[in-house]
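Take a look at the letters that make up each chain.
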Amino acid sequence: MPINILMPALSPTMEKGNLAKWLKKEGDQVKSGDVIAEIETDKATMEVEAVDEGTLAKIVVPEGTQDVPVNDVIAVLAGDGEDVKAAGAGTASAPPKPAPSAEAPTAAKPVPAPVAAPAAKVAAAAAATPAPQAVAAAPQTNGHARTFSSPLARRLAKDAGIELARINGSGPHGRVIARDVEEAKSGKGLKAPAAAPAGAPSIAPSMSDKQIRALFEEGSYEVIPHDGMRRTIAQRLTASVQTVPHFYLTMDCNIGKLVEAREEINAVAPRDKEGKPAYKLSVNDFVIKALALALQRIPNANVSWTDGGMLKHKHSDVGVAVAMPGGLITPIIRKAETKPISAISAEMKDFAARARARKLKPEEYQGGTTAVSNLGMYGIKDFTAVINPPHATILAVGTGEERAIVKNGKIEAAQIMSVTLSCDHRAVDGALGAELIGAFKMLIENPVMMVV
């Protein structure tokens, strides 16, 4: 019996993805564990491994297809001894599923386990929940609720970072063609963003696209369509500030001892044959370690809010915001309280490099119990950061700079770094947040306490 290969869910929150490339062609033999395709999400490019063995009888979804719903059939595998042509023909002749009506709500379909499982090979922000999907109008979708489009139009739209579903098609039966994509690049022929489902936080501006553009002279601006990552960031952060009651606590930390310790440690780092040091610690590495240990000292702050109850975490899994083209992502140092600072440093360097190359695995940036956002390298003195659920806290770190302080009645210079802790008031009250940032201050000002 033919085996359907389904669009896999590469993360718990994935609802759709782009079928970027087939690595097997029809008629090829497939073994369990073979990489058969590459799937793109808003933050990741991952390889998909086959679970079953057989012959690839039919590719149902061609490469370059965007917004393929999870659990849709993307290919058919003929088992050993089966007629390959018959298996492929059976799929080709199967009637398409009817497009959902725009007038009636569609029932949520059950989510069966996918046949194909992902073997990670990924790219990038922020453990991210996909933006709500709108049902496209029936005349412009095929049986899988995808927008009809030509292969050239799909490629052009992908290169331009434009969602096909937002482009008005001028081809037969509303099909999106290359000319439509070219017009969309200049902001013409774009549909308004789909409305969020009832009860979901709205991320739409108070004015429409047309109203905003009318405020500016024609030709005085360039329209840069939002890509999937930017939409996801917008949705998650808007939802966070609308649903999470934030409050903020700021402290100044004297990092004079830390700076001296860092210089001494880096100076004695072992070197390889080429003279390259085994590690080069940054101030941020100490910040990650100090926050992880602070959460262990104040365990009631190491929590996540759920409507059913508080999740009190045993380990400090610290996410660290990393800037990348088009947005940011937050890879996570797992069990950071147990790791030496040199190991944290090496892990962060690896994460940062792979994040910018879009090679992170979902499990490397999803979850976590808190996060660090450091803008000190840009000279920012202090700022507040938005909490990334399910975290209950995030620490915003400013630059370390010389400031005048009073010590024993005398004014002297000191290396001061301002930090601001954002707290979810549902999970972390004011006094508890003060204890946490106080524990952090004690550790960061006395780095020797991080190694005992």
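Everything below is about the structure printed above this text.
For clarity, every value in this text was computed on a predicted model and none was experimentally measured.

**Q** Mind laying out the pattern of salt bridges, listing which residues take part and the relevant values?
**A** Using the criterion set out here, one finds 11 salt bridges in the structure. Salt-bridge contacts for Lys25 lead to Asp28; the nearest nitrogen and oxygen are separated by 3.5 Å. Glu445 is the partner of Lys441 in a salt bridge, and the nearest nitrogen-oxygen pair spans 2.8 Å. With a gap of 4 residues between them, Lys441 and Glu445 both fall in helix α10 (residues 430-445), about one helical turn apart. By relative accessible area, Glu445 is classed as buried at 19%. When salt bridges with common partners are traced through the structure, they connect Asp252, Glu401 and Arg403 into a single cluster.

**Q** Would you mind going over unusual backbone geometry in detail, with residue names and values included?
**A** Between Pro389 and the following residue, Pro390, the backbone shows a cis peptide bond with an omega angle of 15°. One non-glycine residue, Asp67, adopts positive backbone phi at about 55°. Structurally, the position occupied by Asp67 is in strand β7 (residues 65-69).

**Q** Got a sec to walk through the nonpolar core? Specific residues and values, please.
**A** Among the nonpolar cores identified, the biggest contains 53 residues, and Val287, Ile288, Leu395, Val419, Phe440, Ile444 and Met450 are the most heavily contacted of them. The element best represented in this core is helix α7 (residues 283-297), accounting for 9 residues. Those residues in contact with Val287, other than ones at most four positions away along the chain, are Val372, Leu395, Val397, Met417, Phe440 and Ile444. Judged by nonpolar contacts, the second largest core, of 21 residues, contains Met7, Met46, Val48 and Ile59.

Rules used in this analysis
Every chain begins its residue count from 1, and numbering advances along the sequence as written. With the structure being a predicted model, the display of local features is reserved for residues of pLDDT at least 70 and the display and counting of side-chain atom pairs for 80 or more, all residues being used for whole-chain, interface and lining totals. Working from all heavy atoms in the structure, the side-chain values ignore hydrogens and water. We define a salt bridge as a contact between a side-chain nitrogen of Lys or Arg and a carboxyl oxygen of Asp or Glu at a distance within 4 Å. Under the scheme used here, helices are H or I runs from DSSP no shorter than 4 residues and strands are E runs no shorter than 2 residues, and both carry numbers assigned from the N terminus. Each residue is assigned to one of three classes by its accessible area relative to the maximum for its type, calculated with a 1.4 Å probe on protein chains only: buried under 20%, partly exposed between the two thresholds, exposed over 50%. To form a nonpolar core, buried Ala, Val, Leu, Ile, Met, Phe, Trp, Tyr and Cys residues must be joined to one another through side-chain atoms within 4.5 Å. By definition in these notes, contact holds between two residues if any of their heavy atoms fall within 4.5 Å.

These figures capture arrangement, not role.
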